[in-house]
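# Per-entry structural report
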Amino acid sequence: MTFISTPLAIAVSALRAARHVCVLTGAGISAESGVPTFRDAQTGLWAKFRPEDLATPEAFARDPRRIWEWYEWRRELVRGAQPNAGHRALAELARIVPRLTLVTQNVDSLHQRAGSEGVIEYHGNILRDRCTAEGIVTDRSPLSVTGLPECARCGELLRPDVVWFGEAIPRSALLQADVAAADSDVFMAIGTAAVVYPAAGLAERALRSGAKIIEINTESTELTPLADVALQGPSGQLLPQIVAGLREQRGQRAGL
Ligand code: BV8
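Chains are numbered independently. Their residues run from 1 in the order of the written sequence. Per-residue local features are limited, in this predicted model, to residues with pLDDT of at least 70; the limit for side-chain atom pairs, both in listing and counting, is 80 or more; totals at the level of whole chains, interfaces and linings are taken over all residues. Where side-chain values are given, they derive from all heavy atoms of the structure, hydrogens and water being excluded.

It is worth spelling out helix α1 (residues 7–16) at this point. Restricting attention to buried positions, one finds in α1 the residues A11, V12, A14 and L15. For α1, the buried positions fall inside an angular range of 160 degrees around the axis, keeping them on one side. Remark: exposure states derive from per-residue accessible area (1.4 Å probe, protein chains only) relative to the maximum for the residue type, with buried under 20%, exposed over 50%, and partly exposed in between. In this description a helix means any DSSP run of H or I spanning at least four residues, a strand means any run of E spanning at least two, and both kinds are numbered starting from the N terminus. Here, the arc refers to the directions that run from the helix axis to the C-beta atoms.

Written out as structure tokens, the structure reads:
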């Protein structure tokens, strides 16, 4: 008798046999929380700008006020957002498989708020301020006369604690993510267009070490041809289905 395996069943079987799952998430996993992705046209006041032109040190040096306005607008969006079923399913998956490393390109803290631990914030976090002079995450002075946030310690200008285009990934995140991708036997790319490097290179790193690649995306991407399983659909729907499949199989194995 031949079993017709669906892509979902194949993904569940690969995860059931996995020793170390490395997950890379992108803006798509937060889309169902109402946080716009980078590929979505920016709305309102920001519709005429490209994120790649705003998220740079040059743009900040040229006009810190405009860049702070963009980040304050995004901060409000992120603060008002809630983790969705996809974020929660990933936190659940970490409790089912033997080992899971979560690397996110997102700067919105939604994985942490869904209960994921040890999240590797590859591109930093929009909710933190960093001193432009001391390079450390710090609090704001309440007395900034310019209206721009200044460091409570040294009074210099603050910036969002994110990685801009042309800036290096924080060394510890870079190394931890690379080691996890190379050690993984299953790599999941979820909600990412896989065009921003070096994050997009993690899937190739895992592939070179023999990992199975599972992609979850509403569209095809540069990574789709390399995936062992490409699940097309919203991560907020597909991830809970994967976790349910794993729970069911564990139940069957335990004779429940
Ligand atoms: C580096 C934080 C070197 C900030 C971000 C020229 C000059 C300099 C560098 C470069 C250059 N050319 C290329 C580069 C490299 C550059 C790069 O890759 N550019 C791209 C545009 C080609 N990379 C860098 O600059 C990196 N640094 O190279 O440094 C260096 C080394 C040593 C010393 C000094 C320097 C730094 C890149 C980090 C930039 N910061 N974010 C902020 O947020 O404000 S990037 C930002 O954009 C995100 O973090 C993310 O990484 C990226 C967006 O990508 P995605 O997450 O994939 O999201 P996207 O919207 O594109 O796609 C969403 C996907 O979800 C889609 O596929 C969609 O179909 C899917 N989807 C939608 N809904 C759902 C869904 N899927 C599932 N379910 C759904 N419901």
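In this section: the domain arrangement of the protein chain. Residue ranges labeled as domains rest on an automatic or database domain assignment. Taken domain by domain, the protein chain consists of domain 1 (1–35 + 83–123 + 168–256) and domain 2 (37–80 + 129–162). Its C-alpha centre places domain 1 at a distance of 30 Å from the equivalent point of domain 2. We call two residues in contact when some of their heavy atoms are within 4.5 Å. Taken together, the contact between domain 1 and domain 2 spans 11 residues of the former and nine residues of the latter. Computed with a 1.4 Å rolling probe, the buried area is the accessible surface lost when two parts are put together, summed over both parts. In this assembly, domain 1 packs against domain 2 so that about 710 Å² is buried in total across both faces, 63% of it on carbon and sulfur atoms. When the buried surface of domain 1 facing domain 2 is broken down by residue, A27, V35 and V107 rank first, second and third, together holding 42% of it. Salt bridges, as used here, are contacts in which a Lys or Arg side-chain nitrogen is within 4 Å of a carboxyl oxygen on Asp or Glu. Across the contact surface, domain 1 and domain 2 share zero salt bridges.

Within this scheme a cavity is a closed region of a 1 Å grid, computed over the protein atoms alone, that accommodates a 1.4 Å probe without allowing it to escape, whereas a pocket is open but has protein on both sides within 12 Å along at least five of seven lines; lining residues each have an atom within 4 Å of a point. Grid points are joined across faces, edges and corners, and a volume is the space filled by probe spheres set on the points. According to the stated counting rule, one finds one cavity of 30 Å³ or more in the structure shown. In this model, the largest cavity occupies a volume close to 40 Å³. Under this grouping Gly is polar, as are all residues other than the nonpolar Ala, Val, Leu, Ile, Met, Phe, Trp, Tyr, Cys and Pro and the charged Asp, Glu, Lys and Arg. In terms of residue class, the lining of the largest cavity is made up of seven nonpolar, one polar and no charged.

Here we take up the side chain of H20. Residue position: H20 is located in the loop between α1 and β1 (21–25). Residue class for H20 comes out buried when judged on its relative accessible area of 0%. Within 3.5 Å is the distance limit for a polar contact, defined as a pair of N or O atoms, with the added protein rule that one can donate a hydrogen and the other accept it, and that residues adjacent in sequence qualify only through two side-chain atoms. Within the structure, the side chain of H20 is placed 2.6 Å from the side chain of D183, a separation counted as a polar contact. The contact partners of H20, leaving out residues within four places of it in the chain, are R99, L100, T101, A180, D183, S184, D185 and V186.

It is worth spelling out the pattern of salt bridges at this point. The final tally for this structure, using the stated rule, is 17 salt bridges. The salt bridge involving D63 is made with R66; its shortest N-O contact spans 3.6 Å. Take R66: its relative accessible area is 31%, and that puts it in the partly exposed class. For R247, the salt bridge identified is with E92, shortest N-O distance 2.3 Å. Taken together, the residues R247 in helix α10 (residues 235–253) and E92 in helix α6 (residues 85–96) connect sequence positions 155 residues apart. It is possible to trace a salt-bridge network through shared partners that takes in E72, R75, D129 and R140.

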